[in-house]
Amino acid sequence: MNFDDTPEEAAFRSQARAWIAANAPKEYEAELRASSLGRTALKNANLLEVAKAWQKKKADAGWACLHWPKEYGGRGASPIERVIWQQEEGPFSKLSAVFIIGHGMCGPTMMAYASEEHKRHYLPPLASGEKIWCQLFSEPAGGSDVAGLRTRAEKRGDAWVINGQKIWTSGAHYSDYGILLTRTDPDVPKHKGLTMFFLDMKSKGVEIRPIKQASGHSDFNEVYFTDVVIPDSQRLGAVNDGWNVALTTLMNERMSIGAGVATGFPELFEFCSNLMLDDRPAIEDRNVRAKLANWAVKASGLKYTSFRAISALSKGERPGPENSIGKLVAASMVQDVATFALDLQGAAGVLSGPEAELAGKFQAMLLRAPGTRVEGGTDEIMRNIIAERVLGLPGDIRVDKDLPFNQIPTRGRN
Ligand SMILES: Cc1cc2nc3c(=O)[nH]c(=O)nc-3n(C[C@H](O)[C@H](O)[C@H](O)COP(=O)(O)OP(=O)(O)OC[C@H]3O[C@@H](n4cnc5c(N)ncnc54)[C@H](O)[C@@H]3O)c2cc1C
């Protein structure tokens with residue numbers, strides 16, 4: 001592994017750095033740097049508006065969705081240039097959170113399966129942040145086992161009629177479009193009867209109900225479909241081939257989510273350096289030091305694992321399972337780190353909001369952490385991937401794989 005930039009990469013880095021220095025919304029830099037891993041918030045500005053304005057500015061100058069082709073709103077850059085940009089964007093990259101699903105998952109799926117006309121129409125405003133997209137896969141009966149989903153699509157003439165329910169749809173309440181996985185044939189095994197579409201989230205019959213989280217925020221939703229009509233031209237891939245289309249989305253999801261999971265260690269280290277425990281900095285306490293040392297080792301293991309993925313990209317190769325490992329280890333680490341920090345904060349850790357100690361940073365981190373362990377594949381699913389693809393262990397047992405979907409026992413549920 002060689003972590004140094006090649007001369008071309010170094011030139012690209014200095015070009016990106018200069019543009020960011022001249023154009024980034026510096027007035028929010030301090031707040032963005034300080035915002036917790038739980039949730040980015042701006043005190044006196046609307047985060048969505050600031051995020052959209054920054055994204056548009058980047059798009060106008062050719063710095064949005066760098067690895068996408070130019071005709072679809074990107075820059076035609078290499079994967080390693082995209083990584084360099086992300087490193088240079090620093091705290092301003094937190095403004096991209098609302099676009100992650102669209103840019104990381106819906107866009108690549110549209111690029112692989114939509115018609116040329118649709119790609120040219122829908123992708124540039126997605127890249128520039130003028131339109132936001134969401135991913136409508138998970139259902140009460142289909143999360144890890146997404147092929148178990150029940151939302152039906154029935155063909156009527158040149159259109160499809162959708163009925164059913166999705167859940168945990170991040171950002172549905174502010175999204176303009178979504179990609180939607182449905183069941184079109186219940187008489188065949190579950191992976192073989194699915195079809196993917198994209199739709200306008202303002203379509204008649206779409207009802208979005210925000211879910212209130214432990215943090216008090218509502219970042220994701222239940223989405224109900226009642227006789228929603230989608231033209232056949234908005235089908236992505238062949239009828240009943242939705243599983244293969246979904247795999248494109250899910251592979252990109254692992255790349256997007258796994259690559260960016262933080263650990264909370266730098267925040268904890270800084271906190272322990274400043275906190276006084278028994279008349280001396282917490283960092284001098286033996287027990288605190290032992291904990292920090294363990295997490296320092298883990299954090300550096302994660303750093304070099306992600307460098308391995310970056311090195312593969314730099315050589316034009318596809319990264320292996322590094323992102324699954326990164327997500328599995330980092331997501332539970334952030335939960336442990338936040339729990340420890342809250343213990344150190346004592347009663348003050350109960351408070352949240354701008355007036356609380358460190359603005360409730362570790363509390364927000366703790367409340368977000370379980371979601372991070374679940375989204376984009378739970379810990380157990382990540383372990384299955386690592387077991388099967390890295391360690392070569394036998395595959396998970398899938399007893400219903402070859403049964404027609406409508407013959408899978410449901411214990412009386414429809
Ligand atoms: C913050 C957040 C944002 C999300 N955003 C979206 C979104 O935008 N769009 C969307 O479609 N979905 C979204 N999801 C849903 C997410 O994809 C699912 O929650 C996830 O796939 C798990 O599914 P589930 O909740 O149904 O849990 P289940 O699949 O029911 O899992 C329950 C438990 O069983 C375990 N388990 C399941 N299968 C296996 C197995 N084969 N081997 C071992 N253990 C297993 C799981 O690990 C878990 O502990 C989001 C979730 C979260 C938390």
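Everything numeric in this text was worked out from a predicted model, so none of it was measured.

Caption draft 1: Looking closely at the overall build of the protein chain. A tally of helices and strands in the protein chain yields 12 helices and 10 strands. Relative to the 2.2 N^0.38 estimate, which gives 22 Å for 414 residues, the radius of gyration of the protein chain is 22 Å and therefore close to what a compact globule would have. In the protein chain, the proportion of contacts linking residues at least 24 apart, taken out of those at least 6 apart, comes to 71%. Here the protein chain holds 50 positive side-chain charges and 50 negative ones, and the gap between their average locations is 2 Å.

Caption draft 2: Main features of the environment of Thr-305. Of note, Thr-305 is situated in helix 9 (residues 286-314). For Thr-305, a relative accessible area of 17% puts it in the buried group. Between the alpha carbons of Thr-305 and Asp-396 there is a distance of 25 Å; along the sequence they are 91 residues apart. A distance of 2.7 Å separates the side chain of Thr-305 from the backbone oxygen of Gly-301, its partner in a polar contact.

Caption draft 3: View of the pattern of salt bridges. Per the stated rule, a full pass over the model turns up 19 salt bridges. In this structure, Glu-88 and Arg-13 form a salt bridge, with 2.9 Å as the shortest nitrogen-oxygen distance. Placement of Glu-88 in helix 4 (residues 79-89) and of Arg-13 in helix 1 (residues 7-23) is noted, with a sequence separation of 75 residues between them. Among the residues examined, Glu-88 registers a relative accessible area of 16% and is labelled buried. The partner of Glu-375 in a salt bridge is Arg-368, and the shortest N-O contact between them spans 3.0 Å. Using a relative accessible area of 27% as the deciding quantity, one classes Arg-368 as partly exposed. Here the residues in one salt-bridge network are Asp-5, Arg-13, Arg-17 and Glu-88, joined through shared partners.

Caption draft 4: How the structure looks around the site of the ligand. Contacts to the ligand come from 19 residues, most closely from Ser-144, Trp-168, Ser-170, Thr-378 and Glu-380. Within the residue set of the shell around the ligand, elements represented by two or more residues are strand 3 (159-170), helix 11 (361-374) and helix 12 (379-390). Along the lines of polarity and charge, the residues of the shell around the ligand split into 6 nonpolar, 9 polar and 4 charged. Counting contributing residues, the shell around the ligand receives three or more from each of domain 2 (134-244) and domain 3 (261-390).

Caption draft 5: Fine view of the packing of aromatic side chains. This structure, assessed with the given rule, holds 16 aromatic pairs. Relative to Phe-362, the ring of Phe-271 lies with its centre 5.2 Å away and its plane at 50 degrees, an arrangement referred to as tilted. Taken together, the residues Phe-271 in helix 8 (residues 265-274) and Phe-362 in helix 11 connect sequence positions 91 residues apart. The class for Phe-271 is buried, based on a relative accessible area of 6%. Chaining the aromatic ring pairs together yields one cluster made of Phe-12, Trp-19, Trp-54, Trp-63, Trp-85 and Phe-92. The lysine or arginine in question, Arg-75, covers the ring of Trp-63, its NZ or CZ lying 3.8 Å from the ring centre.

Caption draft 6: Geometry of the domain arrangement of the protein chain. Split by domain assignment, the protein chain resolves into domain 1 (7-131), domain 2 (134-244) and domain 3 (261-390). The centre of domain 1, based on its C-alpha atoms, is set 26 Å off from the matching centre of domain 2. The interface of domain 1 with domain 2 comprises 14 residues on the first partner and 15 residues on the second. Together, the buried faces of domain 1 and domain 2 total about 1,400 Å²; carbon and sulfur atoms form 70% of this surface. On the surface where domain 1 and domain 2 come into contact, there are 0 residue pairs in polar contact (both at pLDDT 80 or more). For the side of domain 1 that touches domain 2, the secondary-structure elements that each account for two or more residues are helix 5 (100-113) and helix 6 (116-127).

Caption draft 7: View of helix 11. Over its 14 residues, helix 11 extends 21 Å from the first C-alpha to the last, a length consistent with the 20 Å expected when each residue adds 1.5 Å. Along helix 11, the largest kink reaches about 35 degrees and is centred on Arg-368; proline Pro-370 follows within four residues of it. When we look at burial in helix 11, the residues that qualify are Lys-361, Phe-362, Gln-363, Met-365, Ala-369 and Thr-372. Residues of helix 11 that are buried in the fold lie against helix 2 (29-34), helix 8 and helix 10 (322-345). Two residues or fewer past helix 11, Gly-376 is found with a positive phi of approximately 65 degrees.

Caption draft 8: Region of the structure containing the environment of Asn-44. As for its placement among the helices and strands, Asn-44 is situated in the loop between helix 2 and helix 3 (47-60). Assessed through its relative accessible area of 77%, Asn-44 is described here as exposed. C-alpha of Asn-44 to C-alpha of Val-334: the two residues are 290 residues apart in sequence and 28 Å apart in space.

Caption draft 9: Inspection of the pairing of strand 3 at higher detail. Counted residue by residue, strand 3 has 9 buried out of 12 residues, so it is predominantly covered. Hairpin connection of strand 2 (residues 152-156) to strand 3: 2 residues between the antiparallel strands, including Gly-157 at a positive phi of 65 degrees. Alignment of strand 3 against strand 7 (residues 220-231), held across 10 bridges, turns out to be antiparallel. Note on strand 7: the bridge partner recorded for Thr-169 is Asn-221.

Caption draft 10: Structural context of the nonpolar core. One finds Met-110, Trp-133, Phe-137, Ile-179, Met-196 and Leu-236 to be the most contacted residues of the largest nonpolar core, which totals 28 residues. When residues of this core are traced back to their parent elements, those giving at least two are helix 5, helix 6, strand 4 (177-183), strand 5 (194-200) and helix 7 (242-259). Sort the elements by how many residues they give to this core and helix 5 lands first, with 5 residues. Taken domain by domain, the makeup of this core includes at least three residues from each of domain 1 (7-131) and domain 2 (134-244). With near-sequence residues (within four places) excluded, Met-196 lies in contact with Phe-137, Ile-179, Leu-180, Leu-181, Gln-234, Arg-235, Leu-236, Gly-242, Val-245, Ala-246 and Thr-249.

Definitions and limits used
- Think of each chain on its own: its residues are numbered from 1, step by step along the sequence as written.
- Per-residue local features are limited, in this predicted model, to residues with pLDDT of at least 70; the limit for side-chain atom pairs, both in listing and counting, is 80 or more; totals at the level of whole chains, interfaces and linings are taken over all residues.
- Side-chain metrics rest on all non-hydrogen atoms present in the structure, leaving aside hydrogens and water.
- Only DSSP runs of H or I reaching four residues or more are called helices, and only runs of E reaching two or more are called strands; each is numbered from the N terminus.
- The quantity called the radius of gyration is restricted to C-alpha atoms. Its globule counterpart is 2.2 Å times the number of residues to the power 0.38.
- Residue contacts are defined here by distance: any two heavy atoms, one from each residue, within 4.5 Å place the two residues in contact.
- Lys and Arg are tallied as positive, Asp and Glu as negative. Neither His nor the chain termini are counted.
- To locate a charge, the coordinates of NZ of Lys, CZ of Arg, CG of Asp or CD of Glu are taken.
- Burial here depends on accessible area, computed with a 1.4 Å probe over protein chains only, as a share of the maximum for the residue type. Under 20% is buried, over 50% is exposed, and the range in between is partly exposed.
- Two N or O atoms form a polar contact when they lie within 3.5 Å of each other; inside protein one atom must be a possible hydrogen donor and the other a possible acceptor, and for residues adjacent in sequence the pair counts only when both atoms belong to side chains.
- When a carboxyl oxygen of Asp or Glu lies within 4 Å of a side-chain nitrogen of Lys or Arg, that pair is called a salt bridge.
- If even one non-hydrogen atom of a residue comes within 4 Å of a molecule or strand, that residue is called near it.
- Residue type decides the class: Asp, Glu, Lys and Arg count as charged, Ala, Val, Leu, Ile, Met, Phe, Trp, Tyr, Cys and Pro as nonpolar, and the leftover types, Gly among them, as polar.
- Per the annotation, domain bounds derive from an automatic or database assignment of domains.
- Each pair of aromatic rings taken from Phe, Tyr and Trp, with Trp reduced to its six-membered ring, is defined by centres within 6.5 Å and is described as stacked if the planes are under 30 degrees apart, edge-to-face if over 60, and tilted in the remaining cases.
- Note on criteria: charge over ring means Lys NZ or Arg CZ within 6 Å of the ring centre, with the direction from the centre no more than 35 degrees off the ring normal.
- By buried area we mean how much accessible surface two parts lose on assembly, using a 1.4 Å probe and totalling the loss over both.
- An expected span of 1.5 Å times one less than the residue number is assigned to each helix.
- Across the chain, bend at a residue is computed as the angle between axes fitted to the seven residues ending at that point and the seven starting from it.
- Here the rule is simple: two strands pair whenever DSSP picks up at least two bridges between them.
- We call a set of buried residues a nonpolar core when its members are Ala, Val, Leu, Ile, Met, Phe, Trp, Tyr or Cys and they connect through side-chain atoms within 4.5 Å of each other.

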